[in-house]
Amino acid sequence: MRVVIAGAGTAGCVLAARLSADPGIEVLLLESGPHYRSGHWPPALAHAFRIIKETHDWGFQAQAGASPRGVHVPRGQVVGGSSITNAAIALHGLPEHYDEWAQFVPGLDWAAMLPWLRMIEDDEQFGAEPYHGDHGPIPINRWPREGWYPLLERFAEAALARGHAWVDDHNAPGAVGVGPTPFNMRDGVRQTPADHYLDPALGRDNLSLVTGVRVDRLMIDGDRVTGLVVRDEATGERTTHHADHVILCLGTYQSPAVLLRSGIGPVDAITPHGIRVVHELPGVGRGMQDHPKISYRFWVSTDIPVWPHPWIQVLLTAKAEVRGEERLFQVMPYAGFADGGHRISEFNVQVADARGRTGRVDIQSTHPMDQPVLRMGWLDDPGDRDLAVAGGRELMAVARTAPLAGVLDPWPNLDDADHALRTVETFHHPVGTLRMGRDDDLMAVTDGAGRIRGLEGVWCMDASVIPRVPSANTHLAVIALSERMGAQFLAGTGHAAAAVSPDAG
Ligand SMILES: Cc1cc2nc3c(=O)[nH]c(=O)nc-3n(C[C@H](O)[C@H](O)[C@H](O)COP(=O)(O)OP(=O)(O)OC[C@H]3O[C@@H](n4cnc5c(N)ncnc54)[C@H](O)[C@@H]3O)c2cc1C
């Protein structure tokens with residue numbers, strides 16, 4: 001059996017390793033960006049203490065929400081994908097939000113996902129707890145409190161003084177409060193699926209990685225996908241790859257774009273580009289969710305030490321009552337940094353329990369080198385907007401509480417309720433553009449195993465399929481879900497012996 005995996009990002013690395021464990025499966029992994037071996041990162045990527053947006057990034061611009069404001073929405077363009085450029089924050093999210101997945105795919109709830117979350121992690125502090133793992137591929141640890149930057153220590157003390165609870169472990173089910181941020185990082189180095197899944201598997205004869213190619217569109221015969229077409233990134237030269245199965249792992253913005261270019265999706269998104277509709281699926285590119293982020297900037301007004309780069313050793317999660325419901329938000333405080341002779345700190349409020357689904361992905365042309373048209377829909381949902389404002393107010397209240405009070409001067413107009421609408425950006429967790437669902441759900445594109453409905457031989461197993469954004473950063477959820485879908489794929493294609501099981505211990 002020959003499988004082509006399109007996209008060597010977070011999900012693609014997991015799947016390439018898991019599927020090629022069976023020598024009877026020939027796996028070809030295709031990626032636009034370059035490959036660096038573990039530990040041989042160029043300096044621009046080796047910096048684990050910040051998000052990387054300036055290099056190895058797709059440079060996509062998106063429309064923010066109701067306003068036409070253009071905003072950069074980063075995505076990693078490198079083997080490892082966004083896991084190489086992200087902030088390495090390793091959170092599970094609250095169980096009740098995974099339980100909502102079962103409304104889309106019966107049985108896919110927190111109880112179904114927890115074993116996979118446990119299986120992927122090696123939690124250095126809490127691995128023995130029943131809701132953690134201690135021998136998975138992804139190391140997770142937290143910064144000891146005695147090493148926190150003074151501004152962050154003050155932030156935590158002020159949050160506690162405001163009545164927020166202390167949490168040792170933000171990944172304990174139901175934990176809400178202030179405590180150390182869990183990271184998939186060791187000795188200041190990101191620990192990613194490229195390092196821990198793909199690289200160890202690359203010596204296998206049945207696994208090939210091809211970089212520097214842009215996935216253009218699928219080849220389709222009747223209702224069967226028979227392979228795909230790629231273009232060389234440098235020359236534009238066209239090559240075709242035949243496969244028994246194509247698995248899309250191009251991420252939330254680009255997996256739907258490939259389907260649309262192939263004539264699969266809503267008619268009104270395809271025909272204006274002169275593309276023939278091959279298979280009508282109204283949900284392709286629709287219903288995107290993301291976590292809106294609102295930044296609050298302060299001048300640091302004492303001589304308290306700041307870092308050369310912003311960083312987040314501590315995290316506050318809290319709930320606010322919005323329209324009669326308690327809903328979760330996060331506050332991510334940066335340690336404080338020097339910028340152009342000023343000493344600044346930035347605190348991000350994330351609408352963690354985001355409900356809006358108005359984001360969408362379209363194509364601007366048939367050309368694979370054109371970026372997709374991205375409309376993010378942030379804060380279109382009135383409840384999300386109220387939660388953003390409530391989170392900002394709580395952050396300002398913490399900033400005015402001792403021992404933080406007097407250390408931070410807010411920039412003007414931060415208390416203005418419109419601040420959120422004017423400045424909203426991505427917290428980098430878009431999902432749901434090829435959402436999973438039941439057969440009678442017309443807007444569902446994939447089933448619970450990632451199979452694209454109504455077609456043979458084509459799957460998506462990346463963040464695009466997530467039916468409801470978890471109330472946390474999405475990296476661990478994507479790894480866990482791609483593990484689960486990979487095992488289902490192996491079992492469903494006659495290769496069950498190679499499928500990993502989270503219950504194997
Ligand atoms: C800046 C940033 C910060 C983040 N911070 C965190 C964090 O701290 N914690 C957390 O949990 N999550 C974080 N996330 C989110 C997390 O990284 C993503 O949810 C996850 O990596 C998504 O995995 P994926 O496999 O769906 O996509 P990706 O990992 O983005 O992989 C997609 C891959 O496909 C390739 N590709 C795309 N289109 C094509 C094409 N046409 N042809 C060839 N190749 C293509 C890309 O180059 C990439 O390698 C962050 C994301 C970003 C971008």
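Preceding block: the structure.
All of these numbers come straight from a predicted model, not from anything done at the bench. (Residues numbered from 1 in each chain as written. Predicted model: local features only at pLDDT ≥ 70, side-chain atom pairs only at ≥ 80, totals over all residues. Heavy atoms only, no water.)

(A) Layout of the overall build of the chain. Helix and strand counts for the chain stand at 12 helices and 27 strands. Taken over the C-alpha trace, the chain has a radius of gyration of 22 Å; the compact-globule value for 505 residues is 23 Å, and the two agree within 12%. When burial is assessed residue by residue, the chain has 61% of its 505 residues classed as buried. Considering only residue pairs separated by 6 or more positions, the chain has 69% of its internal contacts joining residues 24 or more positions apart. In the chain, which carries 43 positive and 61 negative side-chain charges, the distance between the mean positions of the two groups comes to 4 Å. (Helix = DSSP H or I, 4+ residues; strand = E, 2+ residues; numbered from the N terminus. Rg over C-alpha atoms; globule rule 2.2 N^0.38 Å. Buried < 20%, exposed > 50% of the residue type's maximum accessible area, 1.4 Å probe, protein only. Contact = heavy atoms within 4.5 Å. Lys, Arg positive; Asp, Glu negative; His and termini not counted. Charge placed at Lys NZ, Arg CZ, Asp CG, Glu CD.)

(B) Looking closely at helix H6 (residues 150-161). Taking 1.5 Å per residue, 12 residues should reach 16 Å; H6 reaches 16 Å between its end C-alpha atoms and fits that length. Residues Leu151, Leu152, Glu153, Phe155, Ala156, Ala158 and Ala159 constitute the buried set of H6. Of the residues trailing H6, Gly163 is marked for its positive phi of about 105°. (Expected span 1.5 Å × (residues − 1).)

(C) Region of interest: the packing of aromatic side chains. Evaluation of the coordinates by the stated rule reveals 11 aromatic pairs. Both rings, one in Phe60 and one in Tyr253, keep their centres 6.2 Å apart while their planes meet at 70°; by these two values the pair is edge-to-face. Residue Phe60 is located in the loop between helix H2 (43-46) and strand S3 (61-63), and its partner Tyr253 is located in the loop between strand S15 (245-248) and helix H8 (254-261); the two are separated by 193 residues in the primary sequence. Owing to a relative accessible area of 3%, Phe60 belongs among the buried residues under this scheme. The interplanar angle of 35° and the centroid separation of 5.2 Å between the aromatic rings of Trp299 and Trp411 together place this pair among those described as tilted. (Phe/Tyr/Trp six-rings, centres within 6.5 Å; stacked < 30°, edge-to-face > 60°.)

(D) Representation of the pairing of strand S6 (residues 138-142) in the model. Judged by how many residues are buried, S6 sits mostly within the fold: five of five residues are covered. Of the two faces of S6, both are covered, the one formed by Ile138, Ile140 and Arg142 as well as the one formed by Pro139 and Asn141. With three bridges joining them, strand S5 (residues 121-123) and S6 adopt parallel strand pairing. Each bridged residue has a counterpart across the sheet, and for Asp123 the counterpart in S6 is Ile140. (Pairing = 2+ DSSP bridges.)

(E) Spatial organisation of empty space enclosed by the protein. Using the criterion set out here, one finds four cavities of 30 Å³ or more in the structure. Considering only enclosed or pocket space, the largest cavity measures out at about 100 Å³ in volume. What lines the largest cavity is Leu91, Gly93, Leu94, His170, Asn171, Ala172, Ala175, Thr317, Leu328, Gln330, Ser471 and Ala472. By residue class, the composition of the lining of the largest cavity is six nonpolar, six polar and no charged. (1 Å grid on protein atoms, 1.4 Å probe; cavity = no way out; pocket = protein on both sides within 12 Å on 5 of 7 lines; lining within 4 Å. Points joined across faces, edges and corners; volume = space filled by probe spheres on them. Nonpolar A, V, L, I, M, F, W, Y, C, P; charged D, E, K, R; others polar.)

(F) A look at the sheet that holds strand S12 (residues 213-221). Read from one edge of the open sheet, three strands run S12-S13-S14, paired in antiparallel fashion. Two strands bound the open sheet, and with one partner strand each, they are S12 and strand S14 (238-242). With direction set aside, neighbouring strand axes in the sheet form an average angle of 30°. As paired elements, S12 and strand S13 (residues 224-232) share eight bridges and run antiparallel to each other. Across the sheet, residue Val213 finds its bridge partner in S13, namely Asp232. (Axes fitted to C-alpha atoms, helices over the stretch in contact; angles between N-to-C directions.)

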